[in-house]
Amino acid sequence: MVRGKVALVTGGGSGIGKAIGINLAKNGAFVAIAGRNLNRLESAVAEVSGSGGRAMAVPMDIRQRSEVERGVAAVAERWGAVHILVNNAGVSGMTLMSDPDETRWADIVDTNLTGTYRVTKAVLRHMPDHAGGRIINISSVLGKFGVAGYAAYCATKHGLIGFTRALALELVGRGITVNAICPGWVETEMAARGIADTAAYLGTTPEEFKKQAIAAVPIRRFLDAGEVAEIVVYVASDLARGITGQAINVCGGQTMI
């Protein structure tokens, strides 16, 4: 479905991003896996290569414009273009309004929202027109509703949906589609940290809070990262050429808006 296309996946060293990179490679894409942790990037590349896929590691902190420019240029130099961009890199954490320290707020906004803007802007210079160009932004169901204590994360994930819708219209003349994927609870390290932080905030145990979280999902389980990756591969393919400007939930029925 994406055979021969060049894909760049940010935050691709672990979790959802790693699953997306592996699935794109299994479907024939050349995959550039970007992130800040070189060991994790090399491990992901080795996993792709071990199964016969083509991948390269791209050390990149999307908060740094110079690193973004250098990383995207390296992908274009090696493979000639970028056809698929998956903006997956992101950070979370509680940002209570009572907290006098604004460091975490600034980091979440700079990574999740401004970082996505930086990478997209750099990639668009190397994305050919009318050649199946795809930009896929990994938002969240928290881009559809709010959660107490997570104002920065919710604001950025809502912002990614707005960014998606505006950019879809801006790029329609180039034949590039832009969509957002909104996962619910997925079994990842980020989710585990969120469970621990929220449990502490609520005065309960991580185990008890996870039980409550699962009970709030109609299918009564967290998703696997591979389930999100399968949707991304479909949206990246030619089969989804008529889909743009959408925010697609992958959440087990957690939200239906």
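Scroll up for the structure.
Since the structure is predicted, the reported quantities are computational estimates derived from the model, not experimental observations.

Asker: Got a sec to walk through the pattern of salt bridges? Specific residues and values, please.
Answerer: With the rule as written, the count across this model stands at 11 salt bridges. Among the ionic pairs, Asp107 bridges to Arg63, the shortest N-O distance being 2.7 Å. Pair noted here: Asp107 is in helix H4 (residues 103-124) and Arg63 is in the loop between strand S3 (54-59) and helix H3 (65-79), with a separation of 44 residues, a long-range link. When the shortest N-O distance is used, the salt bridge between Arg221 and Glu227 registers 2.9 Å. Relative accessible area serves as the criterion here: at 30%, Glu227 is assigned to the partly exposed category.

Asker: With reference to specific residues and values, describe the packing of H4 against helix H5 (residues 151-171).
Answerer: Put simply, H4 and H5 touch, their axes get as near as 8 Å, and they point 20 degrees apart. Taken together, the axis directions place H4 and H5 in an arrangement best described as roughly parallel. The two elements H4 and H5 meet at a crossing, and its hand is right-handed. Of the residues in H5, those in contact with Trp105, Ile108, Val109, Asn112, Leu113, Thr116, Tyr117, Thr120 and Leu124 of H4 are Ala151, Ala152, Tyr153, Thr156, Lys157, Gly159, Leu160, Phe163, Leu167 and Leu171. In the contact of H4 with H5, the residues fall into 13 nonpolar, 5 polar and 1 charged.

Asker: Break down the sheet that holds strand S5 (residues 134-138) for me, citing the residues and quoting the values.
Answerer: One open sheet holds the 7 strands; their spatial order is S3-S2-S1-S4-S5-S6-S7, and the pairing between them is parallel. Where the open sheet ends on each side, the last strands, each with one partner, are S3 and strand S7 (247-250). Across the sheet, the mean angle from the axis of one strand to that of its neighbour is 20 degrees, orientation sign disregarded. The sheet contact formed by strand S1 (residues 6-9) and strand S4 (residues 84-87) spans 3 bridges and is parallel.

Asker: I'd like a rundown of the environment of Met94, residues and numbers included.
Answerer: The topology assignment puts Met94 in the loop between S4 and H4. A relative accessible area of 12% means that Met94 is categorised as buried. Taking the C-alpha atoms as reference points, Met94 and Leu24, separated by 70 residues in sequence, lie 32 Å from one another. Non-local contacts of Met94, meaning those with residues more than four positions away in its chain, are made with Arg104, Ala148, Gly149, Tyr150, Asp197, Thr198 and Tyr201.

Asker: Describe H3, naming the residues involved and giving the relevant values.
Answerer: Between the first and last C-alpha of H3 there are 21 Å, a value that for 15 residues agrees with the 21 Å anticipated at 1.5 Å per step. Listing the buried residues of H3 in full gives Val68, Gly71, Val72, Val75, Ala76 and Trp79. Projection of H3 onto a plane perpendicular to its axis shows the buried side chains occupying an angular sector of 130 degrees, all on one side. Seen from the open side of H3, the exposed residues pointing more than 90 degrees away from its buried face are Arg70 and Glu77. Residues of H3 that are buried make contact with S1, strand S2 (30-35), S3 and H4. Phi turns positive one or two residues past the end of H3, at Gly80, with a value near 90 degrees.

Asker: An account of the side chain of Thr177 is requested, with residue identities and associated values reported.
Answerer: If you trace the backbone, Thr177 turns up in strand S6 (residues 177-183). Exposure remark for Thr177: the relative accessible area of 7% places this residue in the buried category. If near-sequence neighbours (up to four positions away) are discounted, Thr177 is found in contact with Gly133, Arg134, Ile135, Arg241, Ile243 and Thr244.

Calculation notes
Residues numbered from 1 in each chain as written. Predicted model: local features only at pLDDT ≥ 70, side-chain atom pairs only at ≥ 80, totals over all residues. Heavy atoms only, no water. Salt bridge = Lys/Arg side-chain N within 4 Å of Asp/Glu carboxyl O. Helix = DSSP H or I, 4+ residues; strand = E, 2+ residues; numbered from the N terminus. Buried < 20%, exposed > 50% of the residue type's maximum accessible area, 1.4 Å probe, protein only. Axes fitted to C-alpha atoms, helices over the stretch in contact; angles between N-to-C directions. Parallel < 35°, antiparallel > 145°, perpendicular 65-115°, else oblique. Left-handed = near helix turned anticlockwise from the far one by under 90°. Contact = heavy atoms within 4.5 Å. Nonpolar A, V, L, I, M, F, W, Y, C, P; charged D, E, K, R; others polar. Pairing = 2+ DSSP bridges. Expected span 1.5 Å × (residues − 1). Arc of directions from axis to C-beta.

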